[in-house]
Amino acid sequence: MVARCLAKEKRKVEEPVLQQKVIQDAVEAVQSPLRETLSCSICHQVSREPTICTGCGQLVVCYVCVLSSLEHSESCPLGRCQWNREELSGFVKSRPNFDNIPGL
Ligand SMILES: [Zn+2]
Ligand SMILES: [Zn+2]
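Position numbers for residues start from 1 in each chain and track the written sequence from start to end. Each chain is given a letter, starting from A, and each ligand a number, starting from 1, according to the order in which they appear as written. The predicted nature of this model means local features are confined to residues of pLDDT at least 70 and side-chain atom pairs, given and counted, to a pLDDT of 80 or more, with totals for whole chains, interfaces and linings taken over all residues.

Peer 1: How should the sheet that holds strand β2 (residues 60–62) be read in this particular structure?
Peer 2: Note: two strands are recorded as paired if DSSP finds a minimum of 2 bridges between them. Each helix is a run of H or I in the DSSP string that is no shorter than four residues. Each strand is a run of E no shorter than two, and both are numbered from the N terminus. Read across the open sheet, the three strands follow the order β2-β1-β3; overall the sheet is antiparallel. Both outer strands of the open sheet, β2 and β3 (91–93), are each paired with one neighbouring strand and no more. Averaged over neighbouring strand pairs, the angle between their axes works out to 35 degrees when direction is ignored. Two strands pair when backbone bridges link them, and strand β1 (residues 50–53) and β3 are joined in this way by three bridges, in the antiparallel orientation. Bridged to Thr51 within β3 is Lys93. Lines fitted to the C-alpha atoms define the axes, with helices restricted to the stretch that makes contact. Angles between their N-to-C directions range from 0 to 180 degrees.

In structure tokens:
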């Protein structure tokens, strides 16, 4: 098992161009659906902290956009569900962040 891993490591070094292409393709395959799915409906960027309304379950915006929209109204922009500014309830972060996905 260890020997196989080492052999793989060696191949990576020997074929840097191919390896880079493989990584690029993999990153693109991960990114393209994410870009669409995680597009924030407020700032239109990919949400780094995608936040979902627990009322209607379909709102995807950045956590920071949720916080700034809370200053104007305590309801979700799509379904008019009740949010709470003090308790920060009515919505939930789906993931802590996506900082480790290159290019997002
Ligand atoms: Zn946003
Ligand atoms: Zn909602």
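Peer 1: Could you clarify how one ought to interpret the pairing of β1 in this entry?
Peer 2: Along any regular strand the residues' side chains alternate between the sheet's two faces. Where β1 meets β2, three bridges bridge the pair, whose relative direction is antiparallel. What sits directly across from Ile52, in β2, is Val60.

Just geometry here; none of it tells us what the structure is for.
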